[in-house]
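# Per-entry structural report
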Amino acid sequence: MFTRRVTLGAGKREPNPTFVSTVRRPFRELYRLLLIQSLHKVGTGTLEDAFDWVEYCNGTGNTYWANKRRENNGGNPEPYRVKYWALGNEMYGHWQVGNLTASEYTRRAQQWAHALKLVDPSIILISCGNNGYTSWDATILQGLATQVDLHSIHTYTSFGDRDRLDGKDFERKVFGPEGVEESIRITRSLVDLARIENGVEKCKPIKIAFDEWGPWDETKGTPANGLEQHYDLADCLAVASWLNVFIRNADIVAMANYAQLVNVIAPILASPNQVLKQTVFHPLSLFSNHMRGTAEAASFALGLHVDSPSYKGETLPKWIGGLRDSHDLSPKCAYIDVSAVFSPGDQLGRVAISVVNRHPTAEAVVAIKFFHYKAGGEYKTYSVYHRSIDAMNTFEDPTNVEIEEGHGSWKTDSEIQLTMKEHSSTMLVVPVRKAD
């Protein structure tokens, strides 16, 4: 049994379980099994509610809510140790009941941050940002630079008004992540400015929590269908480029949570009798399995020099094209989009390379040159391609777009030559050894 209360959510009143709910117990057990650090968002209730949440999840003393957790958890004395606490969610939005101005939110968040740290000094606090390049983000960072550890950004590509039948939507989709990288660059500067003006010695090195992201066409995933969107190959390539952006900016992006995982603008669709992996599932799976280190051996994002022709047409949002090539760090819209991760080893190291060919019609021959390292043996490839950019996986044809596995040999001891089909992506997993 659990009690229910009405809370103020995204533009409506939503019935939600209160924090005495025993429904939370199996999820916390799953977190422990998967070694997941969970994130909790507070901000639509009162400060007392937030106090109670932290005490319930993390409290170790002989207090009401800590004891209630033990009672609900079969007498287990161990706290849940929820590490990440977000100070509100999209509080700038008109769709949020109880939305605030930037100054109003900053003042409230300052009070809550101070109070929650008194309950549990070990928690990591996340400020409520917008998309990283607005005056809201600047104001919030200025006001909370001495109190928060992470700054939240939410962005969806493929979202916004345009003529979806003009033949340009493929490019709008796949080059949307160029705007994401620009938002990270701007947020990086806003963080530095806020730390300088607040006193660097008083501030932690604030990083970015990209805790909502993904492709979303608001005319396909709608409230009427429960935001269930069916994704095509172009969306798949966009997600691969999203992930490339996060790898290239791994020094400041500390968290990157795909918005939803099942049914709601999600990589997985579930029916009563079947589970479907959508096209966008594939890059998530490949990055999860290959672009990472282990608990024993960390991996490192590599700096790359990429020489590629660029797309010069319309983008979404349009400001991406407006900034294109205006300076060295501005969006480039290169057709070949790349990221790479190095995992060291005793004898052989390993480099995982994600390459996306964002050209709709042209194949590409990509020369990948290594410096200070050389061939360590045959490499593996994992490619995603379909002749149609509109190809989808469906419950009737769940393997229409799949990952094709292969292997390859080095062109020379220090160069790989990869031939890529049009509108495709390839992950290479390459063993390397130090050059003599």
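Residues numbered from 1 in each chain as written. Predicted model: local features only at pLDDT ≥ 70, side-chain atom pairs only at ≥ 80, totals over all residues. Heavy atoms only, no water.

## A closer look at the overall build of the protein
The number of helices and strands found in the protein is ten helices and 19 strands. The buried share among the 436 residues of the protein stands at 50%. In the protein, once contacts between residues fewer than 6 apart in sequence are set aside, the share between residues at least 24 apart is 72%. When the accessible surface of the protein is totalled, it reaches about 21200 Å², and 54% of it is carbon and sulfur. (Helix = DSSP H or I, 4+ residues; strand = E, 2+ residues; numbered from the N terminus. Buried < 20%, exposed > 50% of the residue type's maximum accessible area, 1.4 Å probe, protein only. Contact = heavy atoms within 4.5 Å. Areas by Shrake-Rupley, 256 points an atom, 1.4 Å probe, with all protein chains shown as cover.)

## Quick word on helix H4 (residues 102–119)
Working note: α-helix, 3.6 residues per turn, so residues spaced by three or four point in the same direction. Given a rise of 1.5 Å per residue, 18 residues ought to cover 26 Å, and the 26 Å separating the end C-alpha atoms of H4 matches this to within 8%. Here H4 has its buried residues at Ala102, Tyr105, Thr106, Ala109, Trp112, Ala113, Ala115 and Leu116. (Expected span 1.5 Å × (residues − 1).)

## Thoughts on the nonpolar core
Across soluble globular proteins, nonpolar side chains show a tendency to be buried alongside one another. Core analysis: the biggest nonpolar cluster contains 33 residues, and Trp85, Leu87, Tyr105, Leu116, Leu125 and Trp136 have the highest contact counts within it. Taken together, the elements giving at least two residues each to this core come down to helix H2 (47–58), strand S4 (84–87), H4, helix H5 (135–144) and helix H7 (177–198). For this core, the element with the highest residue contribution is H4, accounting for six residues. Membership of the second largest hydrophobic core comes to 29 residues, among which are Trp213, Phe246, Leu286 and Tyr382. (Core = buried A, V, L, I, M, F, W, Y, C linked by side-chain atoms within 4.5 Å.)

## Things to note about the confidence of the model for the protein
Scored by pLDDT, the protein comes out at a mean of 91, with 90% of its residues at no less than 70. Counted against residues more than four places away or in other chains, residues 10–23, with its pLDDT under 50, gives 43 contacts. (pLDDT = per-residue confidence, 0-100.)

## Re the packing of aromatic side chains
Under the criterion given, the structure shown has 20 aromatic pairs. A centroid spacing of 4.9 Å and a plane angle of 35 degrees characterise the contact between Trp213 and Trp242, whose relative ring orientation is tilted. Here the residue Trp213 occupies a position in strand S7 (residues 207–215), and Trp242 occupies one in helix H8 (residues 233–248), the gap between them amounting to 29 residues. Taken as a pair, Trp213 and Trp242 share a single burial class, namely buried. Here a set of aromatic residues connected by ring pairs shows up, and it is made of Phe210, Trp213, Trp242, Phe246 and Tyr258. (Phe/Tyr/Trp six-rings, centres within 6.5 Å; stacked < 30°, edge-to-face > 60°.)

## So, unusual backbone geometry
A cis geometry characterises the amide bond from Leu316 onward to Pro317, with omega recorded as -5 degrees. Relative to the helices and strands, Pro317 is located in the loop between strand S11 (300–301) and helix H10 (319–323). Even without a glycine there, the phi angle at Arg81 is positive, about 55 degrees. One non-glycine residue with positive phi stands out, namely Glu90, at about 50 degrees. Note on placement: Glu90 falls in the loop between S4 and H4. According to the relative accessible area criterion, Glu90 is buried, its value standing at 12%.

## Considerations on a nonpolar patch on the surface
A surface patch of nonpolar side chains, amounting to about 220 Å² of accessible area, comprises Leu302, Leu304 and Val306. Structurally, the position occupied by Leu304 is in the loop between S11 and H10. According to the relative accessible area criterion, Leu304 is partly exposed, its value standing at 41%. (Patch = residues over 30% accessible without salt bridge, like charges linked within 9 Å, V, L, I, M, F, W, Y side chains within 5 Å. Salt bridge = Lys/Arg side-chain N within 4 Å of Asp/Glu carboxyl O.)

## A few points about the pattern of salt bridges
Taken as a whole, this structure holds 21 salt bridges when the rule is applied. The shortest N-O distance in the salt bridge between Arg164 and Glu218 comes to 3.5 Å. Remark: Glu218 occurs in the loop between S7 and H8 and Arg164 occurs in the loop between strand S6 (150–157) and helix H6 (169–174); sequence separation between them is 54 residues. Taking relative accessible area as the criterion, Arg164 reaches 23% and is therefore assigned partly exposed.

## Thoughts on H5
Those residues of H5 lying buried are Trp136, Asp137, Ile140, Leu141, Gly143 and Leu144. Looking straight down H5, one finds its buried side chains confined to an arc of 165 degrees; they lie on one side. At its buried positions, H5 is contacted by H4, strand S5 (124–127), S6 and H7. (Arc of directions from axis to C-beta.)

## Concerning the side chain of Arg162
On the secondary structure map, Arg162 appears in the loop between S6 and H6. Within the structure, the side chain of Arg162 is placed 2.9 Å from the backbone oxygen of Gly160, a separation counted as a polar contact. At 3.0 Å, the side chain of Arg162 and the side chain of Asp169 are in polar contact. Excluding anything up to four places from it in sequence, Arg162 contacts Asp169, Arg172, Asp217 and Leu316. (Polar contact = N/O pair within 3.5 Å; in protein donor to acceptor, adjacent residues only side chain to side chain.)

## Overview of the packing of H7 against H8
Viewed as axis vectors pointing N to C, H7 and H8 meet at an angle of 20 degrees, and their least axial separation amounts to 9 Å. One way to sum up the angle between H7 and H8 is to call them roughly parallel. The hand of the H7/H8 crossing is right-handed. Within the contact between the two elements, H7 uses Pro177, Val180, Glu181 and Ile184 and H8 uses Ala238, Ser241, Trp242, Val245 and Arg248. (Axes fitted to C-alpha atoms, helices over the stretch in contact; angles between N-to-C directions. Parallel < 35°, antiparallel > 145°, perpendicular 65-115°, else oblique. Left-handed = near helix turned anticlockwise from the far one by under 90°.)

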